[in-house]
Amino acid sequence: MSESSASALPPGRPGRQPFSHPENLSLDSSCFSSPPVNFLQELPSYRSIARKRTTIPTREKQSGTLLKPTDSYSSQLEGGITENLNSQSIRKYALNISEKRRLRNIQETQMKYLSEWDQWKRYSSKSWKRFIGKAREMTTHLELWRDDIRSIEGKFGTGIQSYFSFLRFLVLLNLVIFLIIFMLVLLPVLLTKYNITNSTFVLIPSKDTDVQCTVYPISSSGLIYFYSYIIDLLSGTGFLEETCLFYGHYTIDGVKFQNFTYDLPLAYLLSTIAYLALSLLWIVKRSVEGFKINLIRSEEHFQSYCNKIFAGWDFCITNRSMADLKHSSLRYELRADLEEERIRQKIAERTSEETIRIYSLRLFLNCVVLAVLAACFYAIYRATIFSQEHMKKEIDKMVFGENLLILYLPSIVITLANFITPMIFAKIIHYEDYSPGFEIRLTILRCVFMRLATICVLVFTLGSKITSCDNYSCELCGYNQKLYPCWETQVGQEMYKLMIFDLIIILAVTLFVDFPRKLLVTYCSSWKLVQCWGQQEFAIPDNVLGIVYGQTICWIGAFFSPLLPAIATLKLIIIFYVKEISLLYTCRPSPRQFRASNSNFFFLLVLLIGLCLAIIPLTISMARVPSSKACGPFTNFNTTWEVVPKTVSTFPSSLQSLVHGVTSEAFAVPFFMIICLIMFYFIALAGAHKRVVVQLREQLSLESRDKRYLIQKLTEAQRDMKNR
C-alpha cells in the first residue's frame, strides 16, 4: 500500500488528481505486471492524501512523507538494525529466523575486525544482559503470592486480581519502611541496650526548662485487673506505652560508639523523610507505568478486542491448570470489554426524556450522598468532643468497659462510619447507570473523601486540644502539658487504635457476616429474605479504600510510633489470607466485570492522595507544634525541625555557605524557572510524539483499507474471469 500510494503521487502537483472510474480499470495479466496509475488512484490511501493536499496545500511535503515506499522503509529498517547490532539484541526484532541468522552472521563478521578491547566489551555486555534476563526470570518465581494471585485472576477476573496485587505492593512498601526505621532508629538503640556492641547512650543534657514541663506520669493501673492487658493491647497504654513501640521510649540524645557519636534525633527525622520520599517515588513510578498501559489501551476499543483474540494467548503455558486459568482470564477481559461497549451503546441510544430522567436521578442521589457524609462528619465531631471532655475522669472510677468506650469512642465511630458508608455508596451507584469502570472510580472518590475526611477530623481535634488550654496559659511549655504531657506518644496511640480497630472490624465482618451469609444462602435459599439478600459479592472499591485508609494511618503514625509499619505489614498479610478465603468460599463473581488496566492507575492515584494527606499533618507537627519536653529525642528543641539547623551549624564554613545558598531565594527562583522550562520542553515533546502516533495510526488504518480494497478487486477480477 505504501509503495503504491507514494508512487501514485506526482511530484510538484499539490492539486487533486482526477479519479478513474471502475469501468476504466484493466484487470488482465498485464495489469498485475505493471499496474496503471489510474488503478492505484482508486486506493483509499491515495484518496486520503489527495484530500489532505487539497485542503492543506502548505503541507505538501509532510503529506507526501506520511506513506513511505515499502522498499525504502525496509532498507531504512535494515540499516537501523545493522547500526544497532552493537547495543541491541537480535531477539528483540520482529524478523523471521532466516533474517535473524543473516544478521547474526553480519554481527560475527563485524566482530572479527574489532580490537580485543572492543570484543571483550561486547562479550561482557552480552553476558551481563543474559545474566540480567535469567535473574529476572528467577525473581518472577520468587514473587510473593504469585500462584495465589494467578488463581484468583483466572477464577474472578483481573479486576479482583488487581486488588490483591495492590495489597501485595503495600505489604512490600510497609516492609521497606519498617527496615528503614529499624536501621536508622531501632538498631543502634537495641545494640546498645543489650550490650551487643561497645557503645553507650548519650543522655539529653539538662536545659533551662520548667520542671512542670518534664513531668510524664505513665499510667500503670493495667496490671490490677485481668482485662487490663486486653485494654492495653487495644489502646497502646500501660505496659505498651513504655516499650519501643512509641515515640516516648527514645528519650536519648544519641549513641556513642568507639569512633563516632550517632545522632539519634537527626536519624529519627531523616528516617521519616526517607520513608515518605521512598513512598512518593515508588507510587509515582508505578503510576507512570500504569498510566502508559491505560493510555495505550484506552485509545481504540477495537484494538483491545484484536489484542485479546489474536495475541492474548501465552504460548509458554504448558500446564493444563494454568491454561484453564488463562482461558478464564481472557474470558473475563472480553466480558468487561463487552459490558463497557454495551454501556456506550446504551448511552448513545438514549432519548432526550431518558437523559433528563437519568440526570435528575443522579442529582437526587448525589444529594443523598452529601447528606450521608454530613451525618457521618457530625457524628465523628460529637464523639470526639464527648471523648475529650470525659478524658480527665479517673479510670479507676469507671466500670468495666466504660474506660475503653469513652477513651476510644472516636476510633469506634470512625471505623463504623468507614464500614457503613461504602455499603450505602455501593447501593446508590447501581441506580446511577454508569459504566463498570466509572462506577469503581466514582465510588472510590466518594469513599476517599469520607475516609480521609474522618482522619482530618481526628487530627484537627487532637491538634486543637494539644495547642490550646482551658484555664491556664500554654506559654510555659508551648502546649497543653497537663492533658498531653507527651503528646507525640498519645497521637501514636490514637493511630495505633485506629489500625487495631480496623483489623478487628475486618475480621469480625468476615467471620460473623460473610460466612453466616454464605451458609444461609446455601442451606436456606428458599427463604424470601435470604433471596433478597443474596450471596456476597467482592466489592472492589470498598476493599481498596480499606487498605488505603490503613496505609494513610501508617504513614501518619510511623513518626509517633516507629513500629507501626511492622504492625501494618502483619495486618496486611492477615488481610490477604482472610480476603482470599472469603473470596473463594463466601463470594461469587460479580455480574458486572471490571478492567484491571483502568483500575490499577486509579488505585495508585488514591494512594497518592492518602500520602499527600499524611505529609500535611506530619509537616505541621514537625515544623509548627512545639515538641514535648518530657519525652522523646527532641526535648531540647523547640520543634522537631530545629535539629536540621543545629546539624548544619556543625558543618565547615564553606559547606554551610553552600547549604545556605542552595536553600536561599536566590537559588530557588532560577531553579524554579529552569524546572518550568524543562517541563515546557517535555510537554512540547509529548505533543510532537502524540502527532507522530496519530500519523502512524492513520497509516496502519489506511494500509488495512488498501488491503481490503485490493482483495475486493482481486475477487471481482477472478469472478469476471470465471464468468467468461
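Residues numbered from 1 in each chain as written. Predicted model: local features only at pLDDT ≥ 70, side-chain atom pairs only at ≥ 80, totals over all residues. Heavy atoms only, no water.

This part takes up the overall build of the protein. What the protein contains, in helices and strands, is 26 helices and five strands. Put simply, the protein has 724 residues, and 41% of those count as buried. Taking the intrachain contacts of the protein between residues at least 6 apart in sequence as the baseline, contacts between residues at least 24 apart amount to 75%. As displayed, the protein offers around 41,400 Å² of accessible surface, 64% of which is attributable to carbon and sulfur atoms. (Helix = DSSP H or I, 4+ residues; strand = E, 2+ residues; numbered from the N terminus. Buried < 20%, exposed > 50% of the residue type's maximum accessible area, 1.4 Å probe, protein only. Contact = heavy atoms within 4.5 Å. Areas by Shrake-Rupley, 256 points an atom, 1.4 Å probe, with all protein chains shown as cover.)

Below, the discussion takes up the state of the cysteines. The full count for this structure, using the stated rule, is one disulfide. In this model, Cys 486 is linked to Cys 631 through a disulfide, with the two sulfur atoms separated by 1.7 Å. Because the torsion about its S-S bond is 85°, the bridge between Cys 486 and Cys 631 counts as right-handed. Of the two residues, Cys 486 sits in the loop between helix H18 (436-466) and helix H19 (487-523) while Cys 631 sits in the loop between helix H23 (596-623) and helix H24 (643-649), which places them 145 residues apart along the sequence. (Disulfide = S-S within 2.5 Å.)

In this section: the confidence of the model for the protein. Per-residue confidence for the protein gives a mean pLDDT of 76; residues scoring 70 or more make up 76%. Across residues 1-37, where pLDDT falls below 50, the model places 69 contacts with residues more than four positions away in sequence or in other chains. (pLDDT = per-residue confidence, 0-100.)

The next point concerns the sheet that holds strand E2 (residues 254-256). Pairing is antiparallel across the open sheet formed by three strands, whose spatial order is E1-E2-E3. This sheet does not close on itself; its edge strands, each paired only once, are strand E1 (200-202) and strand E3 (261-263). Across the sheet, the axes of successive neighbouring strands diverge by a mean angle of 25°, strand direction being ignored. Here E2 runs beside E3; their pairing, made up of three bridges, is antiparallel. Bridge pairing in E3 places Lys 256 opposite Thr 261. Its contacts with the sheet put helix H10 (residues 158-193) on E1, E2 and E3, and the angle it makes with E1 is roughly 125°. (Pairing = 2+ DSSP bridges. Axes fitted to C-alpha atoms, helices over the stretch in contact; angles between N-to-C directions.)

Now for the UniProt feature "transmembrane region" (unreviewed entry) in the protein. According to UniProt, the feature "transmembrane region" (unreviewed entry) maps to residues 169-191, 266-284, 363-385, 405-426, 495-513, 555-578, 599-620 and 667-688 in the numbering used here. Overall, residues 555-578 shows 75% helix and 0% strand. The separation of its end C-alpha atoms is 23 Å. (UniProt positions renumbered as here; feature names shortened; annotations may be inferred.)

As a further point, take a positive patch on the surface. The grouping of Arg 104, Lys 126, Arg 130 and Lys 134 at the surface amounts to a positive patch. Sorting elements by how many residues they give to the positive patch places helix H8 (residues 116-141) first, with three residues. Mapped onto the fold, Arg 130 is located in helix H8. (Patch = residues over 30% accessible without salt bridge, like charges linked within 9 Å, V, L, I, M, F, W, Y side chains within 5 Å. Salt bridge = Lys/Arg side-chain N within 4 Å of Asp/Glu carboxyl O. Lys, Arg positive; Asp, Glu negative; His and termini not counted. Charge placed at Lys NZ, Arg CZ, Asp CG, Glu CD.)

We now examine a nonpolar patch on the surface. A surface patch of nonpolar side chains, amounting to about 1,000 Å² of accessible area, comprises Phe 651, Leu 655, Leu 658, Val 662, Phe 667, Phe 671, Ile 674, Ile 675, Ile 678, Tyr 681 and Phe 682. Secondary-structure elements contributing two or more residues to the nonpolar patch are helix H25 (653-662) and helix H26 (665-723). Here the nonpolar patch takes seven residues from H26, the largest share from any one element. Tracing the chain through its elements places Val 662 in helix H25.

This part covers the side chain of Ser 287. When you line up the elements, Ser 287 lands in helix H12 (residues 264-297). In this structure Ser 287 touches Phe 601 and Leu 604, once residues within four positions along its chain are discounted.

Turning next to the nonpolar core. The biggest cluster of nonpolar side chains holds 116 residues, and the ones touching the most others in it are Phe 164, Phe 166, Leu 167, Tyr 275, Ile 444, Trp 555 and Phe 559. For this core, the element with the highest residue contribution is H10, accounting for 15 residues. The contact partners of Leu 167, leaving out residues within four places of it in the chain, are Trp 145, Ile 547, Leu 572, Ile 575 and Phe 576. (Core = buried A, V, L, I, M, F, W, Y, C linked by side-chain atoms within 4.5 Å.)

Let us now look at the packing of aromatic side chains. Inspection of the entire model under this criterion finds 24 aromatic pairs. Their ring planes at 35° and their centres at 5.7 Å tell us that Trp 128 and Phe 131 sit as a pair that is tilted. With Trp 128 and Phe 131 both in helix H8, this residue pair falls three residues apart, about one helical turn. Between Phe 166 and Phe 603, the ring centres sit 5.8 Å apart and the planes meet at 45°, which makes this aromatic pair tilted. With Phe 166 in helix H10 and Phe 603 in helix H23, this residue pair connects regions lying 437 residues apart in the sequence. The class for Phe 166 is buried, based on a relative accessible area of 4%. (Phe/Tyr/Trp six-rings, centres within 6.5 Å; stacked < 30°, edge-to-face > 60°.)

The next subject is the packing of H10 against helix H21 (residues 540-557). Think of two packed helices as two axes; the pair is described by the angle between the axes and how far apart they sit. Contact pair H10 / H21: the axes reach a minimum separation of 10 Å and the direction vectors enclose 10°. On the basis of their axis angle, the class for H10 and H21 is roughly parallel. Taking contact as the criterion, the partners of Gly 159, Ile 160, Tyr 163, Phe 166, Leu 167, Leu 170, Leu 173, Asn 174 and Ile 177 in H10 are, on H21, Ile 540, Asn 543, Val 544, Ile 547, Val 548, Gln 551, Cys 554 and Trp 555. Its residues assigned to classes, the contact of H10 with H21 comprises 13 nonpolar, four polar and no charged. (Parallel < 35°, antiparallel > 145°, perpendicular 65-115°, else oblique. Nonpolar A, V, L, I, M, F, W, Y, C, P; charged D, E, K, R; others polar.)

This brings us to the environment of Gly 632. When you line up the elements, Gly 632 lands in the loop between H23 and H24. The exposure class of Gly 632 is buried, given its relative accessible area of 0%. Placed 72 residues apart in sequence, Gly 632 and Phe 560 show a C-alpha to C-alpha distance of 9.7 Å. Every residue in contact with Gly 632, bar those within four places of it in the chain, is listed here: Ile 204, Tyr 247, Gly 248, Tyr 250 and Thr 251.

The subject of this paragraph is the pattern of salt bridges. In total, this model carries five salt bridges according to the counting rule given. When the shortest N-O distance is used, the salt bridge between Glu 494 and Lys 497 registers 2.9 Å. Residue Glu 494 and its partner Lys 497 are both found in helix H19; the two are separated by three residues, about one turn of the helix. Here Asp 502 ties to Lys 571 by a salt bridge, and the two come within 2.7 Å at their closest N and O atoms. Here Lys 571 lies in helix H22 (residues 564-585) and Asp 502 lies in helix H19, a separation of 69 residues in the sequence.

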